[in-house]
Amino acid sequence: MGRDHHPNFRPEGTHMPPEIALLESRALRDSVIERTDVLDKVKILTMLPDGLHITTRMVAEYFEVGEEAVKSLTKRHREEFHSNGMHILRGADLQVFERSNLDLSNSSYPQGRAHLTLYPRRAVLNVAMLLRDSDTAMRVRTYLLDVEESTRSEAEAGTEQLPLERILTERMLAGPIGGRLDAVEACLADVGSTLRELAPWMARVSARLDGMDRRLDAHGRVICAMSERLCDLGDDMTEVRRDVATLKAESVQRRARRAKRQRG
């Protein structure tokens, strides 16, 4: 078996991880995802008329596997594939894409389908780094690692060889992961400056809230005092009603005695 066909071929003395490392490590896959040129080195990749994408069926044909194998792979690693450009067209976007890619509309895919999954070269290379049961995928991984090893060896010629862990770390930081970390650090810096700008305003708001608490406490005490006073007034009114009733009764009795004396 030739060097391009053997999945675990490595030049003597190499320190690159074996081909299996790409299957297991997303960090390592992210560090080499830009090497889409290796796809055509192993096998010509035919693109859609737009020159940017291929369909699930075309991916399966390139790797000489069934479509279900590709669909299952992208389902298990959906977030990773989306980050590398795989996307699904529906509705009006699908209709516009079909009109611009007549070969696609006239292919064995029937008209009226509900959606279409598209893969740019990065997503196709992503498939190559994850698909196990494909000779083409294994050849791509082998070629990819050989190119990376050759590039590293040339860069380190005449210098002390760096530890593998440091090499992989630097490579990952130079790729998409490094970009994401830079973006996170920038966001944190913006958050810090925003919080510093908000500090005086937050202090004023806190002071106003403290003042409102004190006023509410004072209002609460006034309301309690008024409630107690109203209770006292209620008791006083009860006594007044009793006194009025007594006076009315006495007045009735006096009128009755007066009327009786007048008749006598």
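Higher on the page you've got the structure.
Thresholds, definitions, all that
- Residues numbered from 1 in each chain as written.
- Predicted model: local features only at pLDDT ≥ 70, side-chain atom pairs only at ≥ 80, totals over all residues.
- Heavy atoms only, no water.
- Helix = DSSP H or I, 4+ residues; strand = E, 2+ residues; numbered from the N terminus.
- Buried < 20%, exposed > 50% of the residue type's maximum accessible area, 1.4 Å probe, protein only.
- Contact = heavy atoms within 4.5 Å.
- Areas by Shrake-Rupley, 256 points an atom, 1.4 Å probe, with all protein chains shown as cover.
- Patch = residues over 30% accessible without salt bridge, like charges linked within 9 Å, V, L, I, M, F, W, Y side chains within 5 Å.
- Salt bridge = Lys/Arg side-chain N within 4 Å of Asp/Glu carboxyl O.
- Lys, Arg positive; Asp, Glu negative; His and termini not counted.
- Charge placed at Lys NZ, Arg CZ, Asp CG, Glu CD.
- Core = buried A, V, L, I, M, F, W, Y, C linked by side-chain atoms within 4.5 Å.
- Pairing = 2+ DSSP bridges.
- Axes fitted to C-alpha atoms, helices over the stretch in contact; angles between N-to-C directions.
- Parallel < 35°, antiparallel > 145°, perpendicular 65-115°, else oblique.
- Nonpolar A, V, L, I, M, F, W, Y, C, P; charged D, E, K, R; others polar.
- Phe/Tyr/Trp six-rings, centres within 6.5 Å; stacked < 30°, edge-to-face > 60°.
- Lys NZ or Arg CZ within 6 Å of the ring centre and 35° of its normal.

Asks: Please explain the overall build of the protein as it appears in this structure.
Replies: Counting its regular elements, the protein contains twelve helices and three strands. Out of the 264 residues in the protein, the part that is buried amounts to 30%. Taking the contacts inside the protein whose residues are at least 6 apart along the sequence as the reference set, 70% of them involve residues at least 24 apart. Accessible surface, the protein: about 17,100 Å² in total, of which carbon and sulfur atoms supply 57%.

Asks: How should I be thinking about a positive patch on the surface in this particular structure?
Replies: A contiguous patch of positive charge, built from R254, R255, R257, R258 and R261, is present on the exposed surface. Residue placement: R257 occurs in helix α12 (residues 176-263).

Asks: Would you mind showing me how to read the nonpolar core here?
Replies: A general trend in soluble globular proteins is that nonpolar side chains are found buried together. Counting residues in hydrophobic clusters, the biggest one holds 40 residues, and the most contacted among them are I54, V59, F63, Y119, V124, L125 and V140. At the level of elements, α1 (20-24), α3 (38-42), α4 (56-63), α5 (67-76), α7 (91-100), β3 (115-119), α9 (121-128) and α10 (135-155) are the ones that each hand at least two residues to this core. Sequence-distant contacts of I54, defined by excluding residues within four places in its chain, comprise L45, T46, M47, L48, V59, T117, L118, Y119 and V124.

Asks: Please explain the pattern of salt bridges as it appears in this structure.
Replies: Think of it this way: side chains of opposite charge can pair up when their charged atoms draw near. Across all of its chains, the model carries nine salt bridges by this definition. As a salt-bridge pair, E64 and K43 come within 3.2 Å of each other at their nearest N and O atoms. Highlighted residues: E64 in the loop between α4 and α5 and K43 in the loop between α3 and β1 (54-55), separated in sequence by 21 residues. As a salt-bridge pair, E68 and K71 come within 3.9 Å of each other at their nearest N and O atoms. With E68 and K71 both in helix α5 and three residues apart, the pair spans about one turn of that helix. Taking the relative accessible area as the measure of exposure, K71 reaches 39% and is therefore partly exposed. Each of R26, D30 and E79 takes part in one network of salt bridges that share partners.

Asks: For this particular structure, what's the right way to read the sheet that holds β3?
Replies: Neighbouring strands of a sheet are bound in pairs by backbone hydrogen bonds; such pairs are parallel or else antiparallel. Spatial strand order, β1-β3-β2: three strands in an open sheet with antiparallel pairing. Among the strands making up the open sheet, the edge pair consists of β1 and β2 (87-90). Note that β2 and β3 share four bridges and pair antiparallel. Residue pairing in the sheet places H87 in a bridge with L118 of β3. Its contacts with the sheet place α7 against β2 and β3, and it is angled at close to 95° to β2.

Asks: Looking at this structure, I do not really get the pairing of β3. What am I missing?
Replies: It is a general feature of regular strands that their side chains alternate between the two faces of the sheet. Within β3, four of the five residues are buried, which leaves it mostly tucked inside the rest of the structure. Both β1 and β3 contribute to a ladder of two bridges, which runs antiparallel. Bridge assignment links I54 to a residue of β3, and that residue is Y119.

Asks: How should a nonpolar patch on the surface be read in this particular structure?
Replies: A contiguous nonpolar surface patch, about 480 Å² in accessible area, is contributed by V191, L195, L198, W201 and M202. Position of L195 relative to the elements: it lies in helix α12. Classification of L195 as partly exposed rests on a relative accessible area of 49%.

Asks: Explain the side chain of T136 to me, please; I cannot follow it from the model alone.
Replies: Tracing the sequence through the fold places T136 in helix α10. You can call T136 buried: its relative accessible area is 3%.

Asks: I'm lost on α4 in this one. Help?
Replies: Counting buried residues along α4, six of its eight residues qualify, which places the element largely inside the surrounding structure. Residues of α4 that are buried: T56, M58, V59, A60, Y62 and F63.

Asks: What is the right way to read the packing of α4 against α5 from this model?
Replies: In a packed pair of helices, the relevant descriptors are the angle between the two axes and the axis-to-axis distance. Closest axis-to-axis distance for the α4/α5 pair is 8 Å, and the angle between their directions is 110°. Comparing their axes, α5 and α4 come out roughly perpendicular. Where α4 abuts α5, its residues T56, R57, V59 and A60 lie against E67, V70 and K71. Class assignment of the residues belonging to the contact of α4 with α5 gives a composition of three nonpolar, one polar and three charged.

Asks: Looking at this structure, I do not really get the packing of aromatic side chains. What am I missing?
Replies: Each pair of aromatic rings is reported with the distance of its centres and the angle of its planes. Per the counting criterion, the structure on display carries one aromatic pair. Judged by centre distance (4.8 Å) and plane angle (90°), the ring pair of Y62 and F63 falls under edge-to-face. Classification of Y62 by relative accessible area gives buried; the value is 4%. A residue is classified by how much of its surface remains accessible, and F63, at 1% relative accessible area, is buried. Seen from the ring of Y62, K43 lies directly overhead, with NZ or CZ sitting 5.5 Å from the centre.

Everything listed here is a matter of geometry and, on its own, says nothing about what the molecule does.
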